[in-house]
Amino acid sequence: MNYISMNVVTLLYLVASVCFIQALKGLSSPSTARLGNTFGMAGMAIAVATTIALIFKMQAEFADADRSGGGMGFPLVLLGVIVGGAIGAYAAKKVEMTKMPELVAAMHSLIGLAAVCIAVAAVSEPWAFNIAERGGALPFGNRLELFIGTFVGAVTFSGSVIAFGKLSGKYKFRLFQGAPVRFGGQHILNLIIAIAIIALGLVFCFSDAVEPAWTPFAIMTALSFVLGVLIIIPIGGADMPVVVSMLNSYSGWAAAGIGFSLNNSMLIIAGSLVGSSGAILSYIMCKAMNRSFFNVILGGFGGEAVAAASGAQEQRPVKSGSAEDAAFILQNAESVIIVPGYGLAVARAQHSVKELVDKLTAHGVNVRYAIHPVAGRMPGHMNVLLAEAEVPYDQVVEMEDINGEFGQTDVVLVLGANDVVKPAAKDPKSAIAGMPILEAYRAKSIIVNKRSMASGYAGLDNDLFYMPNTMMVFGDAKKVIESMVKAVE
């Protein structure tokens, strides 16, 4: 009995793939993000339903051929859907915006682990995946694909676990702490392990025996888990968002590699979409932070810049004021640009900011928001934060579109941002030289809200704070903004 033909399976997988492509396209803009999410959910629903139907078909074929195996296929899938769906729904409801990157890291780790588990199952029983006849040997091409998929999946899993720990900051275990973990000969050790993995993988691939070469495969898998840890621990917690983006790419390529092994077009297409989009996103983030893309891949990201930037900072006088002083300046301006940052997200002050902007707009002030590509903890973080407060999309402007207007702006209000507005990026001798910034320093007046004068992730003091036209307003962003709202007449 056939539950579904392979032609229908291919067609449905193609429809799901188109939905995923439309989802990525929709998520590229805040105005179409909801439609993009709808496309993504529809595509995943089609893919899951098709896979379940395909499992029924395979079970029927096993029964007709009087072959064992696959009897628990559907119950296991159903259990996975229920448990995974419940965890996903709970996480989506409870996770805070500031914790989104570590949630993404946790999800990527599961994708990598799934790729490893599928590879192990395919090597153990290739006939169950229609890769080889029962009792026959795995073809060389499938061995190579399974080796690559296992290697990338294992690195993704262990690397994502370390990234999750560094982002959360809750664990005392040394490898999970934000500070980089370095030791002598670290890069040489990574190189030796990588060479060993390749050698063992080739032994596995060129094995002609009917029984798979489990020993080299198992050692290669274990070393891949170790390598995933070693390439992430020397990276500081401040740089983890870029690493998470790169691991996102790795998880996609792992899924695509397993898709080739299983001859599953859905995995190939979806994995390639995730892999390529993650790589592009990582490149954009590196460019926005003036970092080397290849340093991210090699696991040496961020260390040199931080080391160069560390050291004692010069004590300089700053001009500070109250929230009421800031409100007076804002309501008497004609144009205001707000620069949101991670401090705003931590304080959950986006709704208060929206209320302040509404009052300023009622006074005839032209207010807009300037968004840096890496403001917050991940690209789009500030966009989503403002969307939560129902800020109109036409008030939110990207860096390249608004930088030319800072010079004609009366007041810039910086809320919890630091590195993305540092004038030091214009200094060729600075550790962050060349990093694209929001040129807030060009405005007539600048108001900066921060809890303290602490330096940002780059470890550099911010010259913007000491400029004669800058006023610092210290305190929790939400409390300060609420005081501003009350002070605006």
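All figures in this text were calculated on a predicted structure; none of them were measured in a lab. (Residues numbered from 1 in each chain as written. Predicted model: local features only at pLDDT ≥ 70, side-chain atom pairs only at ≥ 80, totals over all residues. Heavy atoms only, no water.)

J.: So what's going on with the overall build of the chain? Which residues, and what values?
T.: Each helix and strand counted, the chain has 17 helices and six strands in total. The buried share among the 489 residues of the chain stands at 47%. Partitioning the contacts of the chain with sequence separation of at least 6, the portion at a separation of at least 24 is 75%. Carbon and sulfur atoms provide 64% of the accessible area of the chain, an area that totals close to 23000 Å². (Helix = DSSP H or I, 4+ residues; strand = E, 2+ residues; numbered from the N terminus. Buried < 20%, exposed > 50% of the residue type's maximum accessible area, 1.4 Å probe, protein only. Contact = heavy atoms within 4.5 Å. Areas by Shrake-Rupley, 256 points an atom, 1.4 Å probe, with all protein chains shown as cover.)

J.: Lay out the sheet that holds strand β1 (residues 335–340) in plain terms, naming residues and giving numbers.
T.: One open sheet accounts for six strands, arranged β3-β2-β1-β4-β5-β6; its pairing is parallel. Taken across any chain shown, the strands that pair with only one partner, and hence form the sheet edges, are β3 (396–398) and β6 (470–474). Pairs of neighbouring strands in the sheet enclose a mean axial angle of 25°, with direction left out of account. In terms of strand pairing, β1 meets strand β2 (residues 366–371) through four bridges, oriented parallel. Bridging across to β2, Ser335 finds its partner in Asn366. Contacting β1, β4 (411–415), β5 (445–450) and β6, helix α12 (residues 323–331) runs over the sheet at an angle of about 135° to β6. Packed on one face of the sheet, helix α15 (residues 381–388) meets β1, β2 and β3 and runs near 140° to β2. (Pairing = 2+ DSSP bridges. Axes fitted to C-alpha atoms, helices over the stretch in contact; angles between N-to-C directions.)

J.: Help me get a handle on the packing of aromatic side chains, residues and values and all.
T.: The tally for this structure, following the rule as stated, stands at four aromatic pairs. Considering the side-chain rings of Phe204 and Phe217, the 5.0 Å spacing of their centres and the 45° angle between planes classify their relative orientation as tilted. With a gap of 13 residues between them, Phe204 in helix α6 (residues 186–205) and Phe217 in helix α7 (residues 214–232) connect regions that are remote in the sequence. Each member of the pair, Phe204 as well as Phe217, is classed as buried. (Phe/Tyr/Trp six-rings, centres within 6.5 Å; stacked < 30°, edge-to-face > 60°.)

J.: Before we move on, could you go through the pattern of salt bridges and cite the residues and values that matter?
T.: By the definition in use, this model includes eight salt bridges. Here Glu388 ties to Arg348 by a salt bridge, and the two come within 3.4 Å at their closest N and O atoms. Remark: Arg348 occurs in the loop between α13 (342–347) and α14 (350–362) and Glu388 occurs in helix α15; sequence separation between them is 40 residues. Between Asp476 and Arg451 there is a salt bridge, and its shortest N-O distance comes to 2.8 Å. Residue Asp476 is found in the loop between β6 and α17 (477–487), and its partner Arg451 is found in the loop between β5 and β6; the two are separated by 25 residues along the sequence. Taking the relative accessible area as the measure of exposure, Asp476 reaches 18% and is therefore buried. For Arg451, a relative accessible area of 60% gives the class exposed. Via salt bridges that share partners, Lys426, Glu439 and Arg442 belong to a single interconnected network. (Salt bridge = Lys/Arg side-chain N within 4 Å of Asp/Glu carboxyl O.)

J.: Break down the environment of Gly236 for me, with residues and values.
T.: Mapped onto the elements, Gly236 comes out in the loop between α7 and α8 (240–262). A relative accessible area of 14% means that Gly236 is categorised as buried. The sequence separation of Gly236 and Ala179 amounts to 57 residues, and the corresponding C-alpha distance is 5.1 Å.

J.: Give me the lowdown on the environment of Val116, citing residues and values where you can.
T.: Position of Val116 among the secondary structure elements: in helix α4 (residues 100–124). Residues Val116 and Phe157, spaced 41 residues apart in sequence, show a C-alpha to C-alpha distance of 9.0 Å. Ignoring anything within four residues of it in the chain, the contact list for Val116 reads Thr150, Gly153, Ala154, Thr221 and Phe225.

J.: How would you explain α8 if you had to name every residue and give the values?
T.: Every α-helical turn comprises 3.6 residues, leaving residues that sit three or four positions apart pointing alike. For α8, with 23 residues, the first-to-last C-alpha span of 32 Å sits near the 33 Å given by 1.5 Å per residue. In terms of residue burial, α8 counts as a mostly covered element, since 21 of its 23 residues are buried. At the C-terminal side of α8, Asn263 shows a positive phi close to 55°. (Expected span 1.5 Å × (residues − 1).)

J.: Requested: an account of the nonpolar core, with residues and values cited.
T.: Among the nonpolar cores identified, the biggest contains 40 residues, and Leu146, Phe204, Ile232 and Met240 are the most heavily contacted of them. When residues of this core are traced back to their parent elements, those giving at least two are α4, α5 (140–168), α6, α7 and α8. No other element matches α8, which puts nine residues into this core. Leaving out residues up to four positions away in the same chain, Phe204 has contacts with Val123, Arg143, Phe147, Ala213 and Phe217. (Core = buried A, V, L, I, M, F, W, Y, C linked by side-chain atoms within 4.5 Å.)

J.: Go over unusual backbone geometry, please, and point to the residues and values.
T.: You will see that Arg348, though not glycine, has its phi angle at about 55°, which is positive. Look at Arg348 and you get partly exposed, because its relative accessible area is 35%. Backbone geometry places Glu390, a non-glycine residue, at a positive phi of 60°. Secondary-structure assignment places Glu390 in the loop between α15 and β3. A relative accessible area of 65% places Glu390 in the exposed class.

J.: Explain the side chain of Thr150 to me, and be specific about the residues and the numbers.
T.: By the element assignment, Thr150 lies in helix α5. If sequence neighbours within four positions are ignored, Thr150 has contacts with Val116, Ala119, Phe217, Met220 and Thr221.

J.: Quick rundown of the confidence of the model for the chain? Include the residues and the values.
T.: Overall, the predicted model of the chain reaches an average pLDDT of 83, with 88% of residues at or above 70. In this model residues 301–312 is a low-confidence stretch, pLDDT under 50, and it forms 19 contacts with partners more than four residues away in sequence or in other chains. (pLDDT = per-residue confidence, 0-100.)

J.: Pulling in residues and values, what's your account of a nonpolar patch on the surface?
T.: Taken together, the side chains of Leu76, Leu78, Leu79, Ile82, Val83 and Ile87 define a hydrophobic patch exposed on the protein surface, amounting to about 560 Å² of accessible area. For Leu78, a relative accessible area of 39% puts it in the partly exposed group. (Patch = residues over 30% accessible without salt bridge, like charges linked within 9 Å, V, L, I, M, F, W, Y side chains within 5 Å.)

J.: Lay out the pairing of β5 in plain terms, naming residues and giving numbers.
T.: If a strand is regular, its side chains alternate between the two faces of the sheet. A large share of β5 lies buried, amounting to five of its six residues. Two elements, β4 and β5, share five bridges in a ladder whose sense is parallel. Within the sheet, the bridge partner assigned to Val411 lies in β5 and is Ser445. Here β5 runs beside β6; their pairing, made up of five bridges, is parallel. Bridged to Lys450 within β6 is Phe474.

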